[in-house]
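Inside the fold
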Amino acid sequence: LSDWSSDVCSSDLTEALRASLESTADGIVVVDSTGRLVRYNQKFLKLWNIPDHILASGDSNAALDFVQSQMKDPAGFVARVRQLYGDDRAIDDLIEFQDGRVFERHSEPQRVNGKNVGRVWGFRDITERRHAERELSQAKEAAEAASLAKSSFLANMSHEIRTPMNGVMGMIELALDTEPGADQTEYL
């Protein structure tokens, strides 16, 4: 990036970075070391549906207040965000919404010259993938149950057929041990 930046002016570099931020498939938001909202992309706005005026204010508390009512576990969500503001590690986890949506969250410290200056958060809606995984799991369970039922049915039918056949065969052997006539022997 430094080689590239020497060939372009600062405003071009800023515009290129902004374009890169908008080109990602993830919703991205950047906060400074105090937790103030610094940058975000349009995908972030779309995913979270946060009004522009809240984000434009830079007040992360207002943004958290707005989104926490959508969460399956609002208190846990806010506590985790606050915990991560002070954390120096990258994390990946899932966020579950009351309406059934599921987001993957990736967050890591933003460092400039080795100093932690904030945090970058990335969000990806994986709701459809989770539904597909759940449907696949249910289909697998149904197939396994059907296979078990088939095996049980065949074992039962084998027994149900074998028992009367053994009786018939035994009676035929008994009848053949007697002196049947030629027609009876042929029938047996």
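A brief structural summary. Remember, it's a predicted structure, so these values are computed and weren't measured experimentally. (Residues numbered from 1 in each chain as written. Predicted model: local features only at pLDDT ≥ 70, side-chain atom pairs only at ≥ 80, totals over all residues. Heavy atoms only, no water.)

Here five strands make up an open sheet; going across it, the order is S2-S1-S5-S4-S3 and the pairing antiparallel. Edge strands, defined here as strands with exactly one partner in the open sheet, are strand S2 (37-40) and strand S3 (91-96). For this sheet the average axis-to-axis angle between neighbouring strands, irrespective of direction, equals 25°. (Pairing = 2+ DSSP bridges. Helix = DSSP H or I, 4+ residues; strand = E, 2+ residues; numbered from the N terminus. Axes fitted to C-alpha atoms, helices over the stretch in contact; angles between N-to-C directions.)

Once that is clear, we can look at the side chain of Asp87. Tracing the sequence through the fold places Asp87 in the loop between helix H6 (74-85) and S3. A polar atom in the side chain of Asp87 sits 2.6 Å from the side chain of Arg89. Once residues lying within four places of it in the same chain are set aside, the contact partners of Asp87 are Pro109, Asn116 and Arg119. (Polar contact = N/O pair within 3.5 Å; in protein donor to acceptor, adjacent residues only side chain to side chain. Contact = heavy atoms within 4.5 Å.)

On S3, burial follows the alternation: Ile91, Asp93 and Ile95 on one face are buried, whereas Asp92, Leu94 and Glu96 on the facing-out side are not. Sheet topology places S3 next to strand S4 (residues 102-112); six bridges connect them, and they run antiparallel. What sits directly across from Glu96, in S4, is Val102. Hairpin remark: S3 followed by S4, antiparallel, with five residues in the connecting loop; positive phi at Gly100, about 95°. (Buried < 20%, exposed > 50% of the residue type's maximum accessible area, 1.4 Å probe, protein only.)

Quick look at the environment of Tyr85 now. Summarising the element assignment, Tyr85 is placed in helix H6. The partly exposed category is assigned to Tyr85, whose relative accessible area is 24%. On a C-alpha basis, the gap between Tyr85 and Met157 in space is 65 Å, while along the polypeptide they are 72 residues apart. Beyond its immediate stretch of four places on either side in the chain, Tyr85 contacts Val31, Gly35, Ser60, Arg119 and Trp121.

Where helix H5 (residues 60-68) meets H6, the axes come as close as 10 Å, and the angle between the chain directions of the two elements is 155°. In terms of orientation, H5 lies roughly antiparallel with respect to H6. Once H5 is placed against H6, the crossing between them reads as right-handed. Taken together, the residues of H6 that come into contact with H5 (itself represented by Ser60, Asn61, Leu64, Val67 and Gln68) are Pro74, Phe77, Val78, Val81, Arg82 and Tyr85. (Parallel < 35°, antiparallel > 145°, perpendicular 65-115°, else oblique. Left-handed = near helix turned anticlockwise from the far one by under 90°.)

A few words on the side chain of Asp26. Here Asp26 shows up in the loop between helix H2 (10-23) and strand S1 (27-32). Judged by relative accessible area, Asp26 falls into the buried class, the value being 19%. Among the polar contacts listed, one links the side chain of Asp26 to the side chain of Arg124, at a separation of 2.6 Å. If sequence neighbours within four positions are ignored, Asp26 has contacts with Asn41, Lys43, Phe123 and Arg124.

Quick look at the pairing of S2 now. One ladder, built from three bridges, connects S1 with S2; its direction is antiparallel. Following the sheet pairing, Val30 is matched in S2 by Arg39. Counted along the chain from S1 to the antiparallel partner S2, the turn is four residues long, and its residue Gly35 has a positive phi close to 90°.

Counting residues in hydrophobic clusters, the biggest one holds 24 residues, and the most contacted among them are Trp48, Ile50, Phe77, Ile95 and Phe123. Of all elements in the fold, only S1, helix H3 (42-48), helix H4 (52-57), H5, H6, S3 and strand S5 (115-125) reach the threshold of two or more residues within this core. (Core = buried A, V, L, I, M, F, W, Y, C linked by side-chain atoms within 4.5 Å.)

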